[in-house]
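Working through the structure, step by step
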Amino acid sequence: TRLTMILMKGSSRRLSSCRSQELWKSRSPATLVIEGVSCGSSDGKTMDVVSPVTNEVIGKLSNASMEDTKRAMRTARPSKKDPPRALREAARYVRSNLEDLAMLETWDCGKPIAETRVDLKYCAQILDYYASLEISEEEDHQGFRLRRVPRGVCALISPWNYPLMQAILKVAPAIRAGNACVLKPSPLASLTCVKFANEAGLPLTLVTGGPPLGDKLRVRPLLDEADFVSFTGSEKGARDLPSGGPCTLELGGKSALIVLDDADLDLAVDLAVAGILPAAGQICSATSRLVLSSKIEDDFLNKLLHKLRSVDLNVSPFDDSCEFGSLISKEHRDRVDAFVEETTQEEQHEVLLDRRLDVDTKKHPCRLGPVLFRCGANRESPLWTEEIFGPVLASTTFEDDRDALKIANDTRYGLANAVVSRDSDRAMALAKKLRSGVVWINTNQLLTPETPFGGVKASGHGWEGGRPGLGEFLQLQTIIPPLPPYHRSSDY
């Protein structure tokens, strides 16, 4: 199909798309994919797609009805193609359409184009990685045979902060394992998933709509009829999941960046920025808690303040130099702004930096400048304990490594933490005692397709990425033959 060029209002950049654009630009969108066919909702219900770049409507999504969702679950089938071949073809599709997908994702979730390009390259790497993995379907052991079989129909519920990447982290291992897949992306950012599901050639059923913008009952069959659920989202959203069913949950965090007294401070500052500015702080593993040795606190904060003040907050997200994008919606931006304002007015914490007013909100209505508080010993307020999901940092100090460990672990979350030190043995000793699924040492937010990623405590359970991510989509079965000579159970 010939590419059409659509000039989007509010930017000089043009959005290039293929036939999938017709699915969400019309008044009667067809963003569901059921039985391999693009279609609208059976009752005609839709919801607006509002771009955080301009806070304007740029399209519509089909809002799947309960009957649509039931049909999606009951007709989903595994790949007829060889799964590795299908995944490799999808990876080639992503690479050949990378600029279109990156542009679409920037419009849809507000991230800078430089970020979305990196995200889309990573999507292709994930697909290639899972295509390369071999599955040992049956293994003979002493006294038993171990089988690995597909789980069945998998409901894959993905978030809006990394729209296509988070979807592919679920889709790729699920398809490689031989499952049927029903993907439900967030209605706040679904467009790259719509394009991918329609054009990449994978056996992927797609259901759009539902919460947080729509009625959760319309997509309830996703949870009730799935053999397995993979969910990434908020703690609140996870409460709707049926208890006891097989699932993986990734529910966010309140991660700490621990800077020891021997740390390279320039590196530590770069890692602090890397842990809060990408996706405007809307990252489950964002290191929003700065746990600093009292010996280096002043020097570190001075360097960090200089770095944060130097960021241009008003660059177009389509400019390659843009380092800072929008929050996902005007409503979310206003919630984070209100939280910061209330925290400031309470005067419990010292405000070291507040760049909210540095944003031209006429041009960037969903942006919020970074904010840095010093908490000191006051670590009981929501600023320190709650996931804010925005560019808000809070700092505190410690006296020794035991104190640092106590502060970092004093949270109901357990997704990720980072440690900065010139002493690798010291950093490793600390990392092993941190109660989180992931710990970075002298780096931050670094992941590869081979890397397992998951949390503990209120951050969820199960793994995405690497072989453990594939293992989640395989059901184990143990077959035990009679031992020679034959024994009846009554003999024991």
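Think of each chain on its own: its residues are numbered from 1, step by step along the sequence as written. For a predicted model such as this one, the threshold for reporting local features is a pLDDT of at least 70, and the threshold for listing and counting side-chain atom pairs is 80 or more; totals across whole chains, interfaces and linings nevertheless cover every residue. To obtain the side-chain values, all non-hydrogen atoms of the structure were used and water was disregarded.

1. Side note on the sheet that holds strand 7 (residues 138-141)
Using the following cut-off: DSSP-based pairing: two strands are paired if at least 2 bridges between them are found. Secondary structure elements follow DSSP: runs of H or I of four or more residues count as helices, runs of E of two or more count as strands, with numbering from the N terminus. Orientation is described by lines fitted to C-alpha atoms, with helices fitted over the stretch in contact, and by angles between N-to-C directions that extend from 0 to 180 degrees.
Taken in spatial order, the three strands line up as 7-8-22 in an open sheet, and their pairing is antiparallel. What marks the edges here is a single partner per strand, and that holds for strand 7 and strand 22 (474-479). For this sheet, the mean angle separating the axes of adjacent strands, direction not counted, is 20°. Relative to strand 22, strand 8 (residues 144-150) is paired through six bridges, and the arrangement is antiparallel. Paired with Arg-145 across the two strands is Ile-479, which belongs to strand 22.

2. A few points about the confidence of the model for the protein
This is how the line gets drawn: Known as pLDDT, the predictor's per-residue confidence is scaled from 0 to 100. Contact between two residues is taken to exist if any of their heavy atoms lie within 4.5 Å; hydrogens are not considered.
Scored by pLDDT, the protein has a mean of 92; 93% of the residues are at 70 or more. Note that residues 1-19 has pLDDT below 50 and, in this model, 46 contacts with residues that lie over four places away or in other chains.

3. Things to note about empty space enclosed by the protein
Which entries qualify depends on this criterion: In this analysis, the protein atoms alone were mapped onto a 1 Å grid. Cavities are point sets where a 1.4 Å probe fits without being able to get out; pockets are open sets with protein on both sides within 12 Å along at least five of seven lines; lining residues have an atom within 4 Å of a point. Grid points are joined across faces, edges and corners, and a volume is the space filled by probe spheres set on the points. Amino acids are sorted into nonpolar (Ala, Val, Leu, Ile, Met, Phe, Trp, Tyr, Cys and Pro), charged (Asp, Glu, Lys and Arg) and polar (every other residue, Gly among them).
Counting across every chain of the model gives three cavities of 30 Å³ or more. By volume, the largest cavity amounts to about 70 Å³. Around the largest cavity sit 14 residues that line it, and Ala-286, Ser-288, Glu-387, Ile-388 and Phe-389 are the ones nearest its centre. Residue classes in the lining of the largest cavity are distributed as seven nonpolar, four polar and three charged. The space that makes up the second largest cavity amounts to roughly 50 Å³. If you trace the second largest cavity, you find 13 residues lining it, with Thr-411, Tyr-413, Gly-414, Ala-416 and Asn-417 closest to the centre. In terms of residue class, the lining of the second largest cavity is made up of four nonpolar, six polar and three charged.

4. Remarks on the packing of helix 10 (residues 265-274) against helix 11 (residues 297-309)
To keep things clear, this is the line we draw: Each angle is binned into one of four classes, with values under 35 degrees roughly parallel, values over 145 roughly antiparallel, values of 65 to 115 roughly perpendicular, and all other values oblique. Two helices cross in a left-handed way if the nearer one is turned anticlockwise from the farther one by less than a right angle. They cross in a right-handed way if the turn is clockwise.
Where helix 10 meets helix 11, the axes come as close as 9 Å, and the angle between the chain directions of the two elements is 50°. The angle between helix 10 and helix 11 places the two elements in the oblique class. Read as a crossing pair, helix 10 and helix 11 show a hand that is right-handed. Note on element contacts: helix 11 touches helix 10 through Asp-299, Phe-300, Lys-303, Leu-304, Lys-307 and Leu-308, opposite Leu-265, Asp-266, Ala-268, Val-269, Asp-270, Ala-272 and Val-273.

5. Quick notes on the sheet that holds strand 16 (residues 350-354)
Judged by pairing direction, the sheet is mixed, and its seven strands sit side by side in the order 16-17-18-15-14-19-20 without closing on themselves. In this open sheet, the two strands that pair with only one neighbour each are strand 16 and strand 20 (438-441). For this sheet the average axis-to-axis angle between neighbouring strands, irrespective of direction, equals 20°. For strand 16 and strand 17 (residues 371-374), the ladder comprises four bridges, and the chain directions are antiparallel. What sits directly across from Val-351, in strand 17, is Phe-373. Most of the contacts of helix 14 (residues 401-409) go to strand 18 (residues 392-398), to which it runs at about 145°, and overall it touches strand 14 (256-259), strand 15 (289-293) and strand 18.

6. Overview of the packing of aromatic side chains
The cut-off we apply is this: Any two rings among Phe, Tyr and Trp, with Trp reduced to its six-membered ring, count as a pair given centres within 6.5 Å; such a pair is stacked if its planes are under 30 degrees apart, edge-to-face if over 60, and tilted if neither. Each residue is assigned to one of three classes by its accessible area relative to the maximum for its type, calculated with a 1.4 Å probe on protein chains only: buried under 20%, partly exposed between the two thresholds, exposed over 50%. Should the NZ of a Lys or the CZ of an Arg lie within 6 Å of a ring centre and within 35 degrees of the ring normal, that charge is described as sitting over the ring.
Summed over all chains, the structure comprises five aromatic pairs. For the pair Trp-107 and Phe-318, a centre-to-centre distance of 4.9 Å together with 45° between the ring planes defines the contact as tilted. Taken together, the residues span a long stretch of sequence, with Trp-107 in helix 4 (residues 98-109) and Phe-318 in the loop between helix 11 and helix 12 (330-346) at a distance of 211 residues. When its relative accessible area of 2% is taken as the criterion, Phe-318 is described as buried. An angle of 70° between the planes, with centres 5.3 Å apart, marks the rings of Phe-228 and Phe-473 as edge-to-face. Of the two residues, Phe-228 is situated in strand 12 (residues 228-232) and Phe-473 in the loop between helix 16 (466-471) and strand 22; the sequence distance between them amounts to 245 residues. We note that Phe-228, like Phe-473, is buried. The lysine or arginine in question, Lys-111, covers the ring of Tyr-162, its NZ or CZ lying 3.4 Å from the ring centre.

7. With respect to the pattern of salt bridges
Side chains that differ in sign of charge can pair as their charged atoms come close. Defined as follows: Any Lys or Arg side-chain nitrogen found within 4 Å of a carboxyl oxygen on Asp or Glu counts as a salt bridge.
Evaluation of the coordinates by the stated rule reveals 35 salt bridges. Of the charged contacts in the structure, one is a salt bridge between Lys-170 and Glu-464, with a shortest N-O distance of 2.6 Å. Residue Lys-170 is located in helix 6 (residues 163-176), and its partner Glu-464 is located in the loop between strand 21 (460-461) and helix 16; the two are separated by 294 residues in the primary sequence. One salt bridge in this structure joins Arg-333 and Asp-337, with 3.5 Å as the shortest N-O distance. Placement of the pair is Arg-333 and Asp-337 together in helix 12, with a separation of four residues, close to one helical turn. Because the salt bridges share partners, they merge into one network encompassing Lys-330, Arg-333, Asp-334, Asp-337, Glu-341, Asp-354 and Arg-356.

8. Overview of the side chain of Asn-179
Operational definition: Whenever two N or O atoms come within 3.5 Å, that pair is a polar contact, provided that in protein one can donate a hydrogen and the other can accept it, and provided that, for residues adjacent in sequence, both atoms are side-chain atoms.
By secondary structure assignment, the location of Asn-179 is in the loop between helix 6 and strand 10 (180-184). At 2.6 Å, the side chain of Asn-179 and the backbone nitrogen of Arg-151 are in polar contact. Within the local environment of Asn-179, its side chain forms a polar contact with the backbone oxygen of Phe-473, the two atoms lying 3.0 Å apart. For Asn-179, the residues in contact, after removing those within four places along its chain, are Pro-78, Pro-150, Arg-151, Gly-152, Cys-154, Ala-174 and Phe-473.

9. Considerations on the layout of surface pockets
Approximately 560 Å³ is the volume attributed to the second largest pocket. Taken together, 25 residues make up the lining of the second largest pocket; nearest its centre are Asp-119, Tyr-162, Met-165, Gln-445 and Leu-447. Mapped by element, the contributors of at least two residues to the lining of the second largest pocket are helix 5 (113-132) and helix 6. In terms of residue count, the dominant contributor to the lining of the second largest pocket is helix 5 (six residues). Looking at side-chain class alone, the lining of the second largest pocket contains 12 nonpolar, eight polar and five charged residues.

10. Quick word on the nonpolar core
What counts, and what does not: Note on terminology: a nonpolar core comprises buried Ala, Val, Leu, Ile, Met, Phe, Trp, Tyr and Cys residues joined through side-chain atoms within 4.5 Å.
Among the nonpolar cores identified, the biggest contains 126 residues, and Leu-127, Phe-196, Leu-202, Ile-258, Val-259, Phe-300 and Leu-304 are the most heavily contacted of them. With near-sequence residues (within four places) excluded, Phe-300 lies in contact with Val-259, Leu-265, Ala-268, Val-269, Ala-272, Leu-290 and Leu-292. Residues Val-207, Leu-223, Cys-247 and Leu-249 belong to the second largest nonpolar core, which totals 24 residues.

11. Some words on the pairing of strand 13 (residues 247-250)
Burial along strand 13 is two-sided: Cys-247 and Leu-249 facing one way and Thr-248 and Glu-250 facing the other are all buried. In this structure, strand 12 lies alongside strand 13, joined through four bridges in parallel fashion. When the sheet's bridge partners are listed, Ser-230 is paired in strand 13 with Thr-248. Pairing analysis gives two bridges linking strand 13 to strand 21, with the strands arranged antiparallel. Residue pairing in the sheet places Glu-250 in a bridge with Gly-460 of strand 21.

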